[in-house]
Amino acid sequence: QRLKAAVHYTVGCLCGEVEEEKDVQFSKQIIAAISDITFRHCEIFAKDLEMFARHAKRTTITTEDVKLLARRSNSLLKHITKMSEELASSNMEQKEKKKKKSSTAKAERTPGEQESAVTENEDSNMA
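None of the values given here were measured: they were computed from a predicted structure. In every chain, residue numbers begin from 1 and rise along the written sequence. The predicted origin of the model limits local features to residues at a pLDDT of at least 70 and limits the giving and counting of side-chain atom pairs to 80 or more, whereas totals for whole chains, interfaces and linings rest on all residues. Hydrogens and water are ignored here; the side-chain numbers use all heavy atoms of the structure.

### A closer look at unusual backbone geometry
The residue Asp23 is not glycine, and still its phi comes out positive at about 55 degrees. Take Asp23: it is sitting in the loop between helix H1 (2-22) and helix H2 (28-55). Working definition: helices are DSSP H or I runs of at least four residues, strands are E runs of at least two. Numbering for both runs from the N terminus.

This is the structure:
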């Protein structure tokens with residue numbers, strides 16, 4: 001119910017923006033109808049995404065599933081592809097920063113601390 005209310009609120013806000021830009025009016029019934037259609041369509045999207053992942057024998061929905069869902073809308077597909085590439089790039093940068101931090105921290109350890117860290121690591125691997 002809260003999700004449905006959030007969709008209705010967002011549709012109302014978007015309709016308000018269109019009203020200002022295009023000098024038109026939306027009745028409350030039209031906003032409710034658009035909200036209902038949008039919510040139902042999102043439910044269909046969710047089921048489709050779940051089926052795409054299940055078909056690929058996965059339990060996790062990936063960006064490839066989302067791209068497959070958006071394949072009929074070129075502009076949406078381009079946008080999703082661009083966003084996923086930016087996200088992947090950002091994730092790679094964060095991983096590299098973490099690697100640099102950990103290698104810098106290892107380099108700053110004294111030989112005794114390094115030996116202790118290796119022993120702790122070996123102990124945890126045996127457990």
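Additional details are given in the paragraphs that follow.
### A look at the side chain of Asp65
Looking at the secondary structure, you find Asp65 in helix H3 (residues 63-69). Exposure remark for Asp65: the relative accessible area of 4% places this residue in the buried category. Think of a polar contact as two N or O atoms within 3.5 Å of one another; within protein, one of them needs to be a possible hydrogen donor and the other a possible acceptor, and neighboring residues in sequence only count if both atoms come from side chains. A distance of 2.9 Å separates polar atoms of two side chains, one belonging to Asp65 and the other to Arg58. Residues are treated as being in contact if the distance between any of their heavy atoms lies within 4.5 Å. With residues near it in sequence (within four places) discarded, Asp65 still touches Leu49, Phe52, Ala53, Arg58 and Thr60. The rule is simple: take the accessible area with a 1.4 Å probe, protein chains only, and divide by the maximum for that residue type; under 20% is buried, over 50% is exposed, in between is partly exposed.

### A word on the packing of H1 against H2
Where helices are involved, their axes are fitted lines through C-alpha atoms of the stretch in contact, as for all axes, and angles between N-to-C directions lie from 0 to 180°. One way to put it is that H1 packs onto H2 with a least axis distance of 9 Å and a crossing angle of 125 degrees. By the criterion of interaxial angle, the relationship of H1 to H2 is oblique. Taken as a pair, H1 and H2 cross one another with a handedness that is right-handed. Of the residues in H2, those touching H1 at Leu3, Lys4, Val7, His8, Val11, Gly12 and Cys15 are Ile31, Ala32, Ile34, Ser35, Asp36, Thr38 and Phe39. Polarity classes work like this: nonpolar for Ala, Val, Leu, Ile, Met, Phe, Trp, Tyr, Cys and Pro, charged for Asp, Glu, Lys and Arg, and polar for all others, with Gly in that last group. Across the contact of H1 with H2, the residue classes tally to eight nonpolar, four polar and two charged. Any angle between 65 and 115 degrees counts as roughly perpendicular, while under 35 counts as roughly parallel, over 145 as roughly antiparallel, and the rest as oblique. Each helix crossing is assigned a hand: it is left-handed if the near helix lies turned anticlockwise from the far helix by less than a right angle, otherwise right-handed if that turn is clockwise.

### Structural notes on the environment of Leu3
Looking at the secondary structure, you find Leu3 in helix H1. Classification of Leu3 by relative accessible area gives exposed; the value is 59%.

### Re H2
Here a helix's expected span is defined as the number of its residues, less one, multiplied by 1.5 Å. Here H2 spans 40 Å end to end across 28 residues, near enough to the 40 Å set by a 1.5 Å rise per residue. Taken residue by residue, H2 has Ile31, Ser35, Phe39, Leu49 and Ala53 as its buried positions. Buried residues along H2 sit in contact with H1 and H3. Looking one or two places after H2, you find Lys57, whose phi comes out positive at around 60 degrees.

### Quick notes on the side chain of Ser35
Turning to its location among the elements, Ser35 is positioned in helix H2. A distance of 3.0 Å separates the side chain of Ser35 from the side chain of His8, its partner in a polar contact. If we ignore the near neighbours within four places in the chain, the residues touching Ser35 are Val7, His8 and Val11.

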